[in-house]
2 protein chains.
Amino acid sequence: MSCKIGFIGLGVMGKSMAGHLLDAGHRLHVYNRTREKARELLDNGAVWEDTPAQIARHCGIVFTIVGFPQDVEQVYFGPDGLLDNMQEGAVLVDMTTSRPELAGRIAGEAEKRGGSALDAPVSGGDTGAQEARLSIMVGGDREAFDRVLPFFEIMGNNIVLQGPAGSGQHCKMCNQIAIASNMLGVCEAIAYARKAGLDPQTVLKSIEAGAARSWSLSNMAPRMLDGDFAPGFYVKHFIKDMSIASDSAGNISLDAPGLDLALKMYKKLAELGHDTDGTQGLYRLYEQRD
Amino acid sequence: MSCKIGFIGLGVMGKSMAGHLLDAGHRLHVYNRTREKARELLDNGAVWEDTPAQIARHCGIVFTIVGFPQDVEQVYFGPDGLLDNMQEGAVLVDMTTSRPELAGRIAGEAEKRGGSALDAPVSGGDTGAQEARLSIMVGGDREAFDRVLPFFEIMGNNIVLQGPAGSGQHCKMCNQIAIASNMLGVCEAIAYARKAGLDPQTVLKSIEAGAARSWSLSNMAPRMLDGDFAPGFYVKHFIKDMSIASDSAGNISLDAPGLDLALKMYKKLAELGHDTDGTQGLYRLYEQRD
């Protein structure tokens, strides 16, 4: 009989991901800061636990996907946290995008307690989570990875072990760094098209098939043009990710001027009150310069 | 019987493009500053002309694809140039990436002489030219466009009329603006991966399928990692394009900080002696910071 699975963090992403585990027939124990968000899962057979500690005591594998690194610290190291209550041999899997050093610290502490930990941030957004088509970037031991892989495969379709603890987070930073500068290029290309008097939709027909092709150009430019700034991925979370990437780049002596510029601009966007826009909201900064 | 076709500029791109027109059975008259580069086309039946003026006198449709805006000026406005010698009703088609205002000026002058002009810069690089899979971004009159379209279709597979004269160039600027910032993101992502101790190839497996996906990430990152900086597209030509885009952005009151940053960094790369690298050579700036 399979072990019980814990899931902590039932936001937009976590709720879909936990739902897939439940649909696959696993015995799922859940915890979330706001209990209301668990209701649908509980109706479908998930078991509520009152604290992360309770999850840890009952489950051999625990997934977490919360908001910010400080939330991760709370869930793992807090008074009712996972680490001090984990089962021997358990695997704790943090799927939050968080600091690589924190992932390393969690793995070290889990090991001291006879278990292990993986960092496994994801890419693919709300639709990727809904459709179980996430890219999952994993850091940690091969043995723990192999044990959790069947569960990852229920949530995602591109699962790669990147290296030891922290490597999943580092890989996610690479992902966000590539996206950050590209988003500037997409905004500027669209803003240029409009200000030069072209029809931006017609411009997209020319440029999205060639060397300028990118996911952001094809998926975000049309939303910018429609004035649709609803969040797929929040500005405030992107700022968090880029801030981690920027700190981390400093730690490894990497100058990343594109990242720096993108972070500065997104912070400006947030200061203007748009921190709960989707990341395509960056286009507002170019619009207001008319 | 079809009219004679002129082709001026037999560099890496032009030679392949002219070759396709010749292979399709058209009577091709060619001119190039360096005659040597025309040899293969002449062997295959193209007719040599000694000046752009001679081309203009003999051909109802003339294609040009030369290096810099000053070369375009020379070919169109010079003493042995196209404009003063064009046939009535001829169409002059500049496929060089050049200044939008220059395209407008050429179109105006062509009209005064009873003909017309199109600006039709391309994207797709040397392989796109070889395989007749160029994206061709066209500015000018619909009538002239319709007349030249069958020839464009011999050279490319994504041909879009973007608007009046200059619109093709403006669209190409959008293309280059999108690529410019993205290239920073690609370099920084790869440099981060390497400095963080990840295997960049493994990182690509995770990130090139998701929201960081782009043509540059999939095509340029592997070359960067191989230390292959051979030109598909020259740094010096990219600097030309970005300089035009930057001037043009100024003319339409668009702040484009991503473009500005990319241009600054590519100029630095050129100053270091790498102006005949391919654009992926930007990665050198991140490498040398070890």
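Since we're looking at a predicted model, the values are computed, not measured.

Q: Mind showing me how you'd approach the relation of the copies chain B and chain A here?
A: Two copies of a chain can be linked by a rotation about an axis combined with a shift along that same axis. Its rotation angle being 180 degrees, the transformation that places chain B on chain A also includes 0.0 Å of axial translation and leaves an RMSD of 0.0 Å. The relationship between the two copies is best expressed as a two-fold rotation axis. By residue overlap, the copies meet face to face through one surface: 100% of the interface positions of chain B are interface positions in chain A.

Q: I keep staring at the side chain of Thr64 of chain A and nothing clicks. Help me out?
A: All names here are of chain A. Tracing the backbone through its elements, the reader meets Thr64 in strand S4 (residues 61–64). The exposure class of Thr64 is buried, given its relative accessible area of 0%. Within the structure, Thr64 has its side chain in polar contact with the side chain of Tyr76 (distance 2.7 Å). Here the side chain of Thr64 touches Asp94 through a polar contact of 2.8 Å, side chain to side chain. Those residues in contact with Thr64, other than ones at most four positions away along the chain, are Ile8, Val75, Tyr76, Leu82, Val93, Asp94, Met95 and Thr96.

Q: Mind showing me how you'd approach helix H12 (residues 257–274) of chain A here?
A: Taken as a whole, H12 of chain A has its buried residues at Pro257, Gly258, Leu259, Leu261, Ala262, Leu263, Met265, Tyr266 and Leu269 of chain A. Looking at the buried residues of H12 of chain A, the elements they touch are helix H8 (167–195), helix H11 (235–251) and helix H13 (283–287) of chain A together with helix H8 (167–195), helix H12 (257–274) and helix H13 (283–287) of chain B.

Q: So what exactly am I meant to see when it comes to the domain arrangement of chain A here?
A: Many descriptions give the size of an interface as the accessible area lost when the pieces come together. Residues and elements named next belong to chain A. When its domains are assigned, chain A resolves into domain 1 (4–164) and domain 2 (170–287). Once you take the C-alpha centre of each, domain 1 and domain 2 turn out to be 28 Å apart. Tallying the contact residues gives 15 residues for domain 1 and 14 residues for domain 2. When domain 1 packs against domain 2, the two sides together hide about 1100 Å² of surface, and 66% of this comes from carbon and sulfur. When the area that domain 1 buries against domain 2 is broken down by residue, the three leading residues are Phe68, Thr97 and Pro100, summing to 42%. Linking domain 1 with domain 2 are 0 salt bridges, by the criterion used here. Only helix H5 (100–112) and strand S7 (122–123) provide two or more residues apiece to the side of domain 1 that touches domain 2.

Q: What am I meant to see in the nonpolar core here?
A: In globular proteins that are soluble, nonpolar side chains generally tend to be buried together. Counting residues in each nonpolar core, the largest one holds 100 residues, and the members touching the most others are Tyr192, Tyr266 and Tyr286 of chain A together with Tyr192, Tyr266 and Tyr286 of chain B. The next biggest cluster of nonpolar side chains, apart from the first, holds 54 residues, and it includes Ile8, Ile61, Val72 and Val91 of chain A.

Q: Just checking my understanding: could you explain the packing of H12 of chain A against H12 of chain B for this structure?
A: If you want to describe how two helices pack, look at the angle between their axes and the distance between the axes. The N-to-C vectors of H12 of chain A and H12 of chain B enclose an angle of 165 degrees; their axes lie 11 Å apart at closest approach. Relative to H12 of chain B, the element H12 of chain A is oriented roughly antiparallel. The chirality of how H12 of chain A crosses H12 of chain B is right-handed. In this structure, H12 of chain A contributes Pro257, Gly258, Leu261 and Met265 of chain A to the contact, and H12 of chain B contributes Pro257, Gly258, Leu261 and Met265 of chain B. Grouping the amino acids of the contact of H12 of chain A with H12 of chain B by side-chain chemistry returns 6 nonpolar, 2 polar and no charged.

Q: Got a minute to help me understand a negative patch on the surface in this structure?
A: Among the surface-exposed residues, Glu111, Asp141, Glu143 and Asp146 of chain A lie close enough to one another that they form a single negatively charged patch. Structurally, Glu111 of chain A is set in helix H5.

What counts and how
- Per chain, residue numbering runs from 1 following the sequence as it is written.
- Following the order in which they are written, the chains are lettered starting with A and the ligands numbered starting with 1.
- Where local features are concerned, this predicted model is filtered to residues with pLDDT of at least 70; where side-chain atom pairs are given and counted, the filter is 80 or more; whole-chain, interface and lining totals use all residues.
- In computing side-chain properties, one takes all heavy atoms of the structure into account and sets aside hydrogens as well as water.
- The copies were overlaid with a least-squares fit restricted to C-alpha atoms from residues scoring a pLDDT of at least 70 in each copy.
- Two residues form a contact once any of their heavy atoms are found within 4.5 Å.
- Per the convention used, a helix needs a DSSP run of H or I reaching at least four residues, while a strand needs a run of E reaching at least two, with both numbered from the N terminus.
- Between buried and exposed lies partly exposed: a residue is buried under 20% and exposed over 50% of the maximum accessible area for its type, with that area taken using a 1.4 Å probe on protein chains only.
- Nitrogen and oxygen atoms within 3.5 Å of one another constitute a polar contact, given that in protein one can donate a hydrogen and the other can accept it, and given that sequence-neighbouring residues count only through two side-chain atoms.
- Start and end points for every domain follow an automatic or database-based domain assignment.
- Simply put, the buried area is the total loss of 1.4 Å probe accessible area from both parts when two parts are fitted together.
- Salt bridge, as used here, is a side-chain nitrogen of Lys or Arg placed within 4 Å of a carboxyl oxygen of Asp or Glu.
- In plain words, nonpolar cores are sets of buried Ala, Val, Leu, Ile, Met, Phe, Trp, Tyr and Cys residues tied together by side-chain atoms within 4.5 Å.
- The convention used is that axes are lines fitted to C-alpha atoms, helices contributing only their stretch in contact, and that angles between N-to-C directions extend from 0 to 180 degrees.
- Note that the term roughly parallel is reserved for angles under 35 degrees, roughly antiparallel for angles over 145, roughly perpendicular for angles of 65 to 115, and oblique for everything else.
- Here is the rule for handedness: rotate from the far helix to the near one, and if that takes an anticlockwise turn smaller than a right angle the crossing is left-handed, while a clockwise turn gives right-handed.
- Charged residues are taken to be Asp, Glu, Lys and Arg, nonpolar residues to be Ala, Val, Leu, Ile, Met, Phe, Trp, Tyr, Cys and Pro, and polar residues to be all remaining types, Gly included.
- Every patch collects residues that have over 30% relative accessible area and no salt bridge, joining them within 9 Å if they carry like charges and within 5 Å if they are nonpolar side chains (Val, Leu, Ile, Met, Phe, Trp, Tyr).
- Note on areas: Shrake-Rupley, 1.4 Å probe, and residue coverage restricted to the protein chains presented here.
- When charges are tallied, Lys and Arg are placed among the positive residues and Asp and Glu among the negative ones, while His and the ends of the chain are skipped.
- Where a charge lies is defined by one atom per residue type: Lys uses NZ, Arg uses CZ, Asp uses CG and Glu uses CD.

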